[in-house]
Amino acid sequence: VKKTGHVEFRNVSFAYPGAEAPVLSDISFTAEPGQTVAIIGSTGAGKTSLLALLPRLYDAASGEVLLDGVPVTKLDRSEITQRVAMVPQRPYLFSGSIEHNLRFGRPEATDEQLWDALTVAQAADFVREKKNGLGSRIAQGGTNVSGGQRQRLCIARALVTEPKVFLFDDSFSALDVATDARLRRALKAKTADATVIIVGQRVSTIADADQILVLDNGRIVDRGTHEELLETSSTYQEIVES
Ligand code: M5T
Ligand code: MG
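Thresholds, definitions, all that
- Residues numbered from 1 in each chain as written.
- Chains lettered and ligands numbered in written order.
- Predicted model: local features only at pLDDT ≥ 70, side-chain atom pairs only at ≥ 80, totals over all residues.
- Heavy atoms only, no water.
- Helix = DSSP H or I, 4+ residues; strand = E, 2+ residues; numbered from the N terminus.
- Rg over C-alpha atoms; globule rule 2.2 N^0.38 Å.
- Buried < 20%, exposed > 50% of the residue type's maximum accessible area, 1.4 Å probe, protein only.
- Contact = heavy atoms within 4.5 Å.
- Areas by Shrake-Rupley, 256 points an atom, 1.4 Å probe, with all protein chains shown as cover.
- Lys, Arg positive; Asp, Glu negative; His and termini not counted.
- Charge placed at Lys NZ, Arg CZ, Asp CG, Glu CD.
- Core = buried A, V, L, I, M, F, W, Y, C linked by side-chain atoms within 4.5 Å.
- Near = heavy atom within 4 Å.
- Polar contact = N/O pair within 3.5 Å; in protein donor to acceptor, adjacent residues only side chain to side chain.

Undergrad: Sorry, what's going on with the overall build of the chain here?
TA: When its secondary structure is counted, the chain shows 10 helices and 12 strands. Computed over its C-alpha atoms, the radius of gyration of the chain comes to 18 Å, within 12% of the 18 Å expected for a compact globule of 242 residues. A principal-axis box enclosing the C-alpha atoms of the chain has dimensions of 50 × 40 × 35 Å. With 242 residues in all, the chain has 48% of them scored as buried. Of all intrachain contacts in the chain linking residues separated by at least 6 positions in sequence, the fraction that spans at least 24 positions is 67%. Just so you have it, the chain exposes about 11,600 Å², and 48% of that area is on carbon and sulfur atoms. Seen as two clouds, the 27 positive and the 31 negative side-chain charges of the chain have centres 7 Å apart.

Undergrad: Honestly, the side chain of Thr 191 in this entry has me stumped. Any pointers?
TA: Mapped onto the elements, Thr 191 comes out in the loop between helix H7 (177-190) and strand S10 (195-199). Since its relative accessible area comes to 11%, Thr 191 is described here as buried. Those residues within four positions of Thr 191 in sequence are excluded, and the remaining contacts are Leu 159, Phe 166 and Val 196.

Undergrad: Would you take a moment to explain the nonpolar core for this structure?
TA: Nonpolar side chains tend toward joint burial in soluble globular proteins. Of all hydrophobic cores here, the largest spans 44 residues; its most connected members are Leu 118, Leu 153, Ile 155, Leu 159, Phe 168, Ile 212 and Tyr 236. At seven residues, the largest contribution of residues to this core is made by helix H6 (residues 147-160). Those residues in contact with Ile 155 that sit more than four places away from it in its chain are Val 87, Ala 121, Phe 168, Ser 171, Phe 172 and Leu 183. Grouped together as the second largest cluster of nonpolar side chains are 28 residues, Val 7, Val 12, Leu 24 and Leu 167 included.

Undergrad: Would you mind showing me how to read the site of ligand 1 here?
TA: Near ligand 1 there are 13 residues, and of these Thr 43, Lys 47, Thr 48, Ser 49 and Gln 89 occur at the shortest range. Within the side chain of Thr 43, an N or O atom sits 2.5 Å from an oxygen atom of ligand 1. Residue Ala 45 places a main-chain N or O atom 3.3 Å away from an oxygen atom belonging to ligand 1. If ligand 1 stood free it would expose 610 Å²; the protein chains cover 60% of that surface.

Below is the structure:
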């Protein structure tokens, strides 16, 4: 199997352990290398839960989640973490230096690779302006950096691992629209061959995706490009107008 980062969900359903009601029902889609797939939907729709199934934070109750054609349940954890990087909805920074935080998934990364990741994540200026640069201390939980800086450092941390698949869970929400746009342009240029799955609330974040999945109550109710959904999806129109 070529390890290019091809993602497929095939009729996936999922309920949290102990819960009866399914959180995800009959989810099917593919995300190809080079593509951006966006997931949008109201709070509680199941967006975070959907992303969690790829790195196996949880396993599907039925159906299959495939990475490069192989069910993730048949892959070693290390094979998944080498290929998939997730930036969680509440990204976490450890107490320690910025450098320590960035190298978390790839201790052997060079300083050049760290700066390259910071540049793409639009965080290089902010780190450069700090007196101790990469050696600057981050407090436990990242409480001494802003929410947007925390998001960008966590995006940089994901970039350092050079994954085939990026999962961004609302990772651009704390950024202003201009920074969001710059970051995603740089990301696209840097990761042209990667598979990108973005959960987003803001239409500007997801409008240029190759495919948008509209999630409602654990189901994909509509899918298409921004232009197609504006024509066909009342749920999408409601989100756009809200
Ligand atoms: C979907 C429940 C949650 C909601 C549904 C993460 C998590 C969620 N849930 C649990 O029971 N346990 C959990 O650990 O699952 O939740 P979601 O996937 O987090 O929804 P979302 O990401 O679309 O929402 P939001 O607010 O991030 O936009 O019933 O209680
Ligand atoms: Mg969520």
